[in-house]
Amino acid sequence: MPRALITGGAGFLGSHLCELFLDRGHEVICMDNLITGSTANIQHLFGRNGFTFVKYDVTNFVHCEGPLDYVLHFASPASPIDYLEKPIQTLKVGSLGTHKTLGLAKDKKARYLLASTSEVYGDPLVHPQKEDYWGNVNPVGPRGVYDEAKRFAEAMTMAYHRFHHVDTRIVRIFNTYGERMRVNDGRVVPAFISQALRNEPMTVFGDGSQTRSFCYVSDLVEGIYRLLMSNETTPVNIGNPSEMTVLQFAEEIKRLTGTKAPIEFRPLPEDDPKIRRPDITKAKKLLGWEPKVPLEVGLQRTIDYFRKVLLD
Ligand code: UDP
């Protein structure tokens, strides 16, 4: 059985990855310090053959008994509100955490995959975003703690690849949604769905003309798995290129939930990117991957999930 260590394994994406790896015959060590992750996300995995959970902060030296074939570094606060509230932890897990997990991969001769982000493109001046765009990031703005930590993490990963010959992969993840997002993480998907289900005002930031492109989680983890199993060592965008404005997105949630909630406009957060859409030509060509789940189908599943969570 191949053995994978997944940091941030009790988070939204991490928990879906743990599940996919178990389904595909891997042993999984899920590591998480639970500051934004939750054991509720992995409860259903505890009884499964080959699954282990370790509560640990990966900014410290990471020790792992036995061989490892894969190390996937997914630990990080990932919503703008989380990294505004936890700026130092965000910087540390992206820098120190990447260093420690790369060191572990080197020691175990394991293949390494870094979870990077569309935030490395900042408030982009090129549209859609291709992997060869270097980005437009404000290093000293409130989002800088996440953006720069991930940019440093990419640089560190490439340095371990070039200097220590660690077999590395970098995925740049665009907006993703689905079951197990936290109701209160502040991101637009849980915010709008929970507001709609409670018939509370739906808070559109700015005039809602900024765009995002939303990918359903099952499509995303499939793309990540294919990237890990490929030979591509340069960054690859994984996301859904179907783009819409935040206001259109609010209208779509209104339609799907049938809510009577009004839309209310709030100030646009500082440095909020005005446009975002992945160019996925590289993933299509190299991995034969593209998203399959239509927005309406993915949102319906996510709405059903939030309905249950809000009832508890
Ligand atoms: N947004 C919004 N209302 C909310 C939360 C977010 O209008 O209650 C907007 C936010 O300003 C941004 C977009 O939705 O333009 C996506 O925000 P999110 O926090 O999900 O992640 P981001 O893509 O900015 O990292």
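Procedures and definitions
Residues numbered from 1 in each chain as written. Predicted model: local features only at pLDDT ≥ 70, side-chain atom pairs only at ≥ 80, totals over all residues. Heavy atoms only, no water. Pairing = 2+ DSSP bridges. Helix = DSSP H or I, 4+ residues; strand = E, 2+ residues; numbered from the N terminus. Axes fitted to C-alpha atoms, helices over the stretch in contact; angles between N-to-C directions. Contact = heavy atoms within 4.5 Å. Near = heavy atom within 4 Å. Polar contact = N/O pair within 3.5 Å; in protein donor to acceptor, adjacent residues only side chain to side chain. Nonpolar A, V, L, I, M, F, W, Y, C, P; charged D, E, K, R; others polar. Salt bridge = Lys/Arg side-chain N within 4 Å of Asp/Glu carboxyl O. Phe/Tyr/Trp six-rings, centres within 6.5 Å; stacked < 30°, edge-to-face > 60°. Buried < 20%, exposed > 50% of the residue type's maximum accessible area, 1.4 Å probe, protein only. Lys NZ or Arg CZ within 6 Å of the ring centre and 35° of its normal.

(A) The arrangement of the sheet that holds strand β2 (residues 27-32) in detail. Pairing within the open sheet is parallel, and its seven strands lie in the order β3-β2-β1-β4-β5-β6-β11. Each of the sheet's edge strands pairs with one partner strand only, and the pair in question is β3 (51-55) and β11 (236-238). With strand direction ignored, the average angle separating the axes of adjacent strands in the sheet is 20°. The pairing of strand β6 (residues 168-173) with β11 spans three bridges and is parallel. Its bridge partner being in β11, arginine 172 is matched across the sheet by asparagine 237. Its contacts with the sheet put helix α1 (residues 12-23) on β1 (3-7), β2, β3, β4 (70-73) and β6, and the angle it makes with β1 is roughly 170°. Against the sheet, helix α6 (residues 217-229) makes contact with β4, β5 (111-117), β6 and β11, and its axis sits at roughly 160° relative to β6, the strand it touches most.

(B) The site of the ligand, seen in detail. Contacts to the ligand come from 18 residues, most closely from Asn175, Thr203, Phe205, Arg212 and Asp272. Separating an oxygen atom of the ligand from a backbone N or O atom of valine 188 is a distance of 2.8 Å. Residue assignment for the shell around the ligand shows that the elements contributing at least two residues are α5 (188-197) and β8 (202-205). Looking at the shell around the ligand residue by residue, the classes come out as eight nonpolar, four polar and six charged.

(C) Just the pattern of salt bridges, in detail. All chains considered together, the criterion is met by 22 salt bridges. A salt bridge links glutamate 119 to arginine 276, with the shortest nitrogen-to-oxygen separation between them at 2.7 Å. Here the residue glutamate 119 occupies a position in the loop between β5 and α4 (144-164), and arginine 276 occupies one in the loop between β13 (263-266) and α8 (281-287), the gap between them amounting to 157 residues. One salt-bridge network, held together by shared partners, links Glu119, Arg143, Arg212, Asp272 and Arg276.

(D) Region of interest: the packing of aromatic side chains. Under the definition given, this model contains 10 aromatic pairs. An angle of 85° between the planes, with centres 5.7 Å apart, marks the rings of phenylalanine 46 and phenylalanine 51 as edge-to-face. Taking the centre distance of 5.5 Å and the plane angle of 55° together, the rings of tyrosine 177 and tyrosine 216 count as tilted. Of this pair, tyrosine 177 sits in strand β7 (residues 176-177) while tyrosine 216 sits in strand β10 (residues 215-216); the two residues are 39 residues apart in sequence, bridging distant segments of the chain. Comparing tyrosine 177 with tyrosine 216, the two get one shared label, buried. In this structure, arginine 24 packs its charged tip against the face of tyrosine 225, placed 4.7 Å from the ring centre.

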